[in-house]
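Listed below, chain by chain, are the residues.
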Amino acid sequence: MRTPVCLVIPPSPFLLDERVFVSLGILKVAAVLERSGIDVEVLDLSGVKNYAEVVRSHFARTEARTIGITATTPQFPAAVEIAGLARESAPGARRVLGGPHGTLTLAALKREAKRGTYGRAFRVMRAIREAFNVVVAGDGEAAIFQAIHPLCGPVVDADDPAGELFMDHAAYDASPWPARHLVDLESYRYTIDGERATSVIGQLGCLAAGTKIRLYSGDEIPVESVRVGECVLSYDETTGRFCA
C-alpha cells in the first residue's frame, strides 16, 4: 500500500537521551494530515544508532509521495543524510524540510537580504536547497498542504505574521492534538514525580526557574514547586481572565 506522506524524526547527537521528550511538532503535522483524510506515517529515529540502515530498509518497503523531515540544527546533518537516502530509495518523492533549523535559516536570510549582504544564512539555505525540494519555515499545520503539492515552490513561509499560513491563537486552538499513536510512546521515559508526562505540550518553551505560577487556590508559587495533581490557572489573553 502506498502511503502518501512519511514524516521523519532524525536522531540528535545533542541529546544524552533521545527517548525523553516526544517531538510534538511533527506529530501535530501528522494529526492535521490524518484529519484531512491523508494517509501518513511517522518514522521515529530518535536514539536509533543504525538509522541509515533503518531508513534504507523502510523506504525499500514503503513508497511515499512526500517525505517530510523535521530538524533542529544538531539534527540537520542527519536530516541531510536521510534526504540523500530517500533520494536513492524513493527518487520520485518530494523531500521537505521543516522544523527550527529551516525556520531560523530563512529568518536570518531575510535579514541578510534586507542589509544587502549574503553570508552564512545564504550558504546554509543553499545546502538545504541541494538536499530538499521544499523548506517550510514556521508552523507546519497549514503549510504542509502547500508543501506536498506537486507545483509547490522551494520555500513555504509560514513564519510571516502577515501571511495566511501563520498560526495565530485561534488556528492553534482549532488544530488537533498531536498524533502520538504514530510513535512508540511507551519507549519514551519522561516522568514528573514518577508519573508519565509525555502528554505535556509547552508551545512557547520551558519556563525559567522562579517563574510564578498561579494555582486554582489563588496562591502563586515558583514553577519548580508545582506538583502532580495541582490545578494550575492559565491566562486568557482574549478575555483577560484566568481559567483552570
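Provided above is the structure to which this section pertains.
Thresholds, definitions, all that
- Residues numbered from 1 in each chain as written.
- Predicted model: local features only at pLDDT ≥ 70, side-chain atom pairs only at ≥ 80, totals over all residues.
- Heavy atoms only, no water.
- Axes fitted to C-alpha atoms, helices over the stretch in contact; angles between N-to-C directions.
- Helix = DSSP H or I, 4+ residues; strand = E, 2+ residues; numbered from the N terminus.
- Parallel < 35°, antiparallel > 145°, perpendicular 65-115°, else oblique.
- Left-handed = near helix turned anticlockwise from the far one by under 90°.
- Contact = heavy atoms within 4.5 Å.
- Nonpolar A, V, L, I, M, F, W, Y, C, P; charged D, E, K, R; others polar.
- Salt bridge = Lys/Arg side-chain N within 4 Å of Asp/Glu carboxyl O.
- Buried < 20%, exposed > 50% of the residue type's maximum accessible area, 1.4 Å probe, protein only.
- Lys, Arg positive; Asp, Glu negative; His and termini not counted.

Draft legend 1. Focus on the packing of helix α2 (residues 51–61) against helix α3 (residues 76–89). Interhelical geometry of α2 versus α3 gives an angle of 30° and a closest axis separation of 10 Å. With respect to α3, the axis of α2 lies roughly parallel. Like other packed secondary-structure pairs, α2 and α3 cross with a definite hand, here right-handed. Contact residues: Tyr51, Ala52, Val55, Arg56 and Phe59 in α2; Ala78, Glu81, Ile82, Leu85, Ala86 and Ser89 in α3. Split into classes, the residues belonging to the contact of α2 with α3 amount to eight nonpolar, one polar and two charged.

Draft legend 2. The packing of α3 against helix α5 (residues 120–131), seen in detail. Close contact between α3 and α5 brings their axes to 9 Å; oriented N to C, the two are set at 25°. With respect to their mutual orientation, α3 and α5 come out roughly parallel. In this structure, α3 contributes Phe76, Val80, Ala83 and Arg87 to the contact, and α5 contributes Ile128, Glu130 and Ala131.

Draft legend 3. A look at the pattern of salt bridges. Tallying each qualifying case throughout the model produces three salt bridges. Between Asp44 and Arg19 there is a salt bridge, with its nearest N and O atoms 3.4 Å apart. Here Asp44 is found in strand β2 (residues 40–44), whereas its partner Arg19 is found in the loop between β1 (3–9) and α1 (24–35), with 25 residues between them in sequence. Where Asp157 meets Lys110, a salt bridge forms, and the shortest distance between an N and an O atom there is 2.6 Å. Here Lys110 lies in helix α4 (residues 100–115) and Asp157 lies in strand β6 (residues 155–158), a separation of 47 residues in the sequence. Overall, Asp157 belongs to the partly exposed group, its relative accessible area being 27%. When its relative accessible area of 40% is taken as the criterion, Lys110 is described as partly exposed.

Draft legend 4. How the structure looks around the side chain of Glu141. The residue Glu141 is located in helix α6 (residues 140–147) in this model. No salt bridge is formed by the buried Glu141; its nearest oppositely charged neighbour, Lys28, is found at 4.2 Å. Apart from residues no more than four positions distant in its own chain, Glu141 is found in contact with Lys28, Val29, Val32, Met167 and Tyr172.

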